[in-house]
Amino acid sequence: MLSIACGTSHGFYVKEPKIYISLIKEIYNKTKKPLVLHGGIGVLLDQITKAVQAGIRKANFDSELKKAIICGILEYMYKNPDSFDLRKIFQEGINQAKEVAKTKIKTI
């Protein structure tokens, strides 16, 4: 696998990132190596699809999964302030991360 810089980076963005699809195609056509997209969070799903069609074979969404887990935990705790059942608290975070993952998998 070959990691390339094509308009994204790890973490959250201040403004919407722009993926350079033509650059991905050019690198893939010259190397014929599977390419890695770093920083998939905040990238529009249609751009991810185009990047995969151009040669991306691995996309990183770790920050987005972590955010979903934290949001799920906080939402559960807000709705259930007297609950101290850690299984239920963490399960809501896991459920939200699963939904993010399903969306990404369907896109790719």
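Please read all numbers here as calculations on a predicted model, not as lab measurements.

(A) Region of interest: the overall build of the chain. For the chain, the count of helices and strands is four helices and three strands. Reading the chain from its N terminus to its C terminus gives the helix and strand order β-α-β-α-β-α-α. Taken against the 2.2 N^0.38 rule, which gives 13 Å for 108 residues, the C-alpha radius of gyration of the chain at 17 Å runs more than 25% over that of a compact globule. Structurally, the chain occupies a C-alpha span of about 60 × 25 × 20 Å along its principal axes.

(B) Structural view of helix α4 (residues 86-107). Its 22 residues place the ends of α4 32 Å apart at the C-alpha level, agreeing with the 32 Å of an ideal helix rising 1.5 Å per residue. Restricting attention to buried positions, one finds in α4 the residues I89, G93, Q96, A97, V100, K104 and T107. Within α4, the buried residues cover an arc of 90 degrees as seen down the axis, which keeps them to one side. Of the residues in α4, the exposed ones pointing more than 90 degrees away from the buried face are R87, I105 and K106. Where α4 is buried, its residues meet α2 (45-54) and α3 (62-79). Between a side-chain oxygen at the N-terminus of α4 and the backbone nitrogen of R87 the separation is 3.1 Å; the capping residue is D85.

(C) Representation of the sheet that holds strand β2 (residues 35-37) in the model. Strand order in the open sheet formed by three strands is β1-β2-β3, with parallel pairing between adjacent strands. With one partner strand each, in any of the chains shown, β1 (2-4) and β3 (56-59) form the two edges of the open sheet. For this sheet, the mean angle separating the axes of adjacent strands, direction not counted, is 40 degrees. The sheet contact formed by β1 and β2 spans three bridges and is parallel. Within β2, the residue paired with I4 across the bridge is L37.

(D) Structural detail: the packing of aromatic side chains. Counted according to the given criterion, the structure contains zero aromatic pairs. In this arrangement the basic side chain of R57 is found over the ring face of Y28, its NZ or CZ atom lying 5.5 Å from the centre.

(E) Quick look at unusual backbone geometry. For K32, which is not a glycine, the phi torsion comes out positive at approximately 55 degrees. Within the secondary structure, K32 sits in the loop between α1 (21-31) and β2. Judged by relative accessible area, K32 falls into the exposed class, the value being 56%.

(F) Geometry of the pairing of β3. Alignment of β2 against β3, held across three bridges, turns out to be parallel. Along β3, the bridge assignment pairs L37 with A59. Taken together, β2, α2 and β3 constitute a β-α-β crossover, and its handedness is right-handed.

Rules used throughout
What you see as residue numbers is a count from 1 along each chain, following the sequence as written. Where totals are concerned, whole chains, interfaces and linings use all residues; where local detail is concerned, this predicted model gives features only for residues with pLDDT of at least 70, and gives and counts side-chain atom pairs only at 80 or more. Calculation of side-chain values draws on the structure's entire complement of heavy atoms; hydrogens and water are dropped beforehand. Helix numbers and strand numbers start at the N terminus; a helix is a DSSP run of H or I with at least 4 residues, a strand a run of E with at least 2. Computation of the radius of gyration draws on C-alpha atoms, with the globule rule given as 2.2 Å multiplied by the number of residues to the power 0.38. To estimate the expected span of a helix, subtract one from its residue number and multiply by 1.5 Å. Type-normalised accessible area, obtained with a 1.4 Å probe on protein chains alone, sets the label of each residue: buried when under 20%, exposed when over 50%, and partly exposed for intermediate values. The directions from the helix axis to the C-beta atoms form the arc being described. By definition, residues are in contact when any of their heavy atoms lie within 4.5 Å. Whenever a nitrogen or oxygen atom comes within 3.5 Å of another N or O atom, the pair is scored as a polar contact, on the condition that within protein one atom can donate a hydrogen and the other can accept it, and that pairs from neighbouring residues in sequence are kept only if both atoms are in side chains. Being paired, for any two strands, means DSSP has found at least two bridges between them. Angular values range over 0 to 180 degrees, each being the angle between N-to-C directions of two axes fitted as lines to C-alpha atoms, with helices fitted over their stretch in contact. Under the pairing criterion, centres of Phe, Tyr and Trp rings, with the six-membered ring standing for Trp, must be within 6.5 Å; the plane angle then separates stacked pairs below 30 degrees from edge-to-face pairs above 60, leaving the rest tilted. Either the NZ atom of lysine or the CZ atom of arginine qualifies as a charge over a ring when it sits within 6 Å of the ring centre and within 35 degrees of the ring normal. Looking down the strands as they point away from the viewer, one classifies a crossover as right-handed if the path from the first strand across the helix to the second runs clockwise.

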